Amino acid sequence: ADPLAYAARRLALAQELWERWEARPLKPGESYASLRRNVTRGITQVRESGLLAARHIGGISVLRDAAGSGRTPMNPVAMAKQREALKLIETGVFAADSFRFKPDFLRSLSTDFADRHDAYDVGIAPGGLDYSLPMQVLAAQRAVLDRLMSDSVAQRLLDAEGKVDDPSHALQLAEVYATLRRAPWSDPKGRGAIPRIRPTRRREHAGPVPTARRR
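Residues numbered from 1 in each chain as written. Predicted model: local features only at pLDDT ≥ 70, side-chain atom pairs only at ≥ 80, totals over all residues. Heavy atoms only, no water.

**Concerning the overall build of the protein chain**
Next, step 1: Regarding its fold elements, the protein chain presents 8 helices and 2 strands.
Next, step 2: The helix and strand sequence of the protein chain, counted from the amino end, reads α-α-β-β-α-α-α-α-α-α.
Next, step 3: Across the 215 residues of the protein chain, 38% fall into the buried class.
Next, step 4: Across the protein chain, every contact between residues at least 6 apart in sequence was considered, and the portion connecting residues at least 24 apart equals 69%.
Next, step 5: With the model as given, the accessible surface of the protein chain reaches about 13300 Å², and the carbon-plus-sulfur share is 54%. (Helix = DSSP H or I, 4+ residues; strand = E, 2+ residues; numbered from the N terminus. Buried < 20%, exposed > 50% of the residue type's maximum accessible area, 1.4 Å probe, protein only. Contact = heavy atoms within 4.5 Å. Areas by Shrake-Rupley, 256 points an atom, 1.4 Å probe, with all protein chains shown as cover.)

And the structure:
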């Protein structure tokens, strides 16, 4: 009934999953691969929840009404809902504290050597079996960032200003971009220390660096 509330709940469940597995000691003989799988599953939930929330931004509610129903068929998603979705993405998908794990836990994310599929895990660094948490997180965040910075979302946000009764209440394109710029570049809680995931996301937000021409 409320997709945005569902997305928020999935983000909370991902955090709960990680907290439980960090606190849960493995039984003797139990594979460390279970830790790795549950970290990846949680990141998948973060990505899917972020994409679901992103659909609200610049979104349109379509009704199959005919004339005389008293309702217009094409209506922008309520501005309060759009801003709620943007805030959820900022704090749940791009927040620095959303992907913090203890070092010993990250050292335990081993692969299942009996499962050939694990050899192709996107979290494995090229040429080895190590698990790259920043690359896993970046892949999830990139999917959401690409959606929000797409031309179609930008156009719908611009079009929505003429479709709401009070254009001053419309979610502005500049407001969305300012939030996306603040998320990867802000200092987490003023502590000065920047998690290793954050510089990777900064490079993604800034885009590729142009190469110098040789003369």
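**Topic: the nonpolar core**
Next, step 1: Within the largest apolar cluster, 42 residues are counted, with the highest numbers of intra-cluster contacts made by Val39, Ile43, Ile57, Ile89 and Phe94.
Next, step 2: Elements supplying a minimum of two residues to this core: α1 (3–23), α2 (33–54), α3 (79–92), α5 (133–148), α6 (151–160) and α7 (173–185).
Next, step 3: Sort the elements by how many residues they give to this core and α2 lands first, with 7 residues. (Core = buried A, V, L, I, M, F, W, Y, C linked by side-chain atoms within 4.5 Å.)

**Topic: the packing of α1 against α3**
Next, step 1: Close contact between α1 and α3 brings their axes to 11 Å; oriented N to C, the two are set at 10 degrees. In terms of axis orientation, α1 runs roughly parallel to α3. Together, Leu4, Ala7, Ala8 and Leu11 of α1 and Lys81, Glu84, Ala85, Leu88 and Gly92 of α3 make up the contact between the two elements.
Next, step 2: In terms of residue class, the contact of α1 with α3 is made up of 6 nonpolar, 1 polar and 2 charged. (Axes fitted to C-alpha atoms, helices over the stretch in contact; angles between N-to-C directions. Parallel < 35°, antiparallel > 145°, perpendicular 65-115°, else oblique. Nonpolar A, V, L, I, M, F, W, Y, C, P; charged D, E, K, R; others polar.)

**Quick word on the confidence of the model for the protein chain**
In low-pLDDT segments, the atomic positions of the prediction should not be examined closely.
Next, step 1: Looking at the protein chain as a whole, the pLDDT averages 84, with 79% of positions reaching at least 70.
Next, step 2: Confidence drops under pLDDT 50 across residues 208–215; counting only partners more than four residues distant or on other chains, this segment forms 0 contacts. (pLDDT = per-residue confidence, 0-100.)

**Re a nonpolar patch on the surface**
Next, step 1: Where nonpolar side chains cluster on the molecular surface, the patch consists of Ile60, Val62 and Met74 and spans about 270 Å² of accessible area.
Next, step 2: Looking at where valine 62 falls in the secondary structure, it is placed in strand β1 (residues 60–62).
Next, step 3: In this structure valine 62 comes out as exposed when scored by relative accessible area, which is 56%. (Patch = residues over 30% accessible without salt bridge, like charges linked within 9 Å, V, L, I, M, F, W, Y side chains within 5 Å. Salt bridge = Lys/Arg side-chain N within 4 Å of Asp/Glu carboxyl O.)

**Quick look at α3**
Every α-helix carries 3.6 residues per turn, so stepping three or four residues along brings you back to the same face.
Next, step 1: With 14 residues, α3 extends 20 Å from end C-alpha to end C-alpha; this agrees with the ideal 20 Å at 1.5 Å per step.
Next, step 2: Listed as buried for α3 are Met79, Gln82, Ala85, Leu86, Leu88, Ile89, Glu90 and Gly92. (Expected span 1.5 Å × (residues − 1).)

**Digging into the packing of α1 against α2**
Next, step 1: At their nearest, the axes of α1 and α2 sit 9 Å apart, and the two run at 160 degrees to each other. As summarised for this structure, α1 and α2 are arranged roughly antiparallel, according to the angle between their axes. Judged by the sense of rotation from one axis to the other, the crossing of α1 with α2 is left-handed. In this structure, α1 contributes Pro3, Leu4, Tyr6, Ala7, Arg10, Leu11, Ala14, Leu17, Trp18 and Trp21 to the contact, and α2 contributes Ser34, Leu35, Asn38, Val39, Gly42, Ile43, Gln45, Val46, Ser49, Leu52 and Ala53. (Left-handed = near helix turned anticlockwise from the far one by under 90°.)

**Description of the packing of aromatic side chains**
Next, step 1: The tally for this structure, following the rule as stated, stands at 3 aromatic pairs.
Next, step 2: The interplanar angle of 70 degrees and the centroid separation of 5.2 Å between the aromatic rings of tryptophan 18 and phenylalanine 101 together place this pair among those described as edge-to-face. Remark: phenylalanine 101 occurs in the loop between α3 and α4 (103–106) and tryptophan 18 occurs in helix α1; sequence separation between them is 83 residues. For the pair formed by tryptophan 18 and phenylalanine 101, the shared burial category is buried.
Next, step 3: Centroid distance phenylalanine 101 to phenylalanine 105: 5.6 Å. Interplanar angle 20 degrees. Geometry classified as stacked.
Next, step 4: Among the residues examined, phenylalanine 101 registers a relative accessible area of 13% and is labelled buried. (Phe/Tyr/Trp six-rings, centres within 6.5 Å; stacked < 30°, edge-to-face > 60°.)

**Comments concerning the environment of alanine 53**
Next, step 1: With respect to the helices and strands, alanine 53 occurs in helix α2.
Next, step 2: Sequence separation between alanine 53 and lysine 87 is 34 residues, and the spatial gap between their C-alpha atoms is 9.5 Å.
Next, step 3: Setting aside anything within four residues of it in sequence, one finds alanine 53 in contact with Leu4, Ala85, Leu88 and Ile89.

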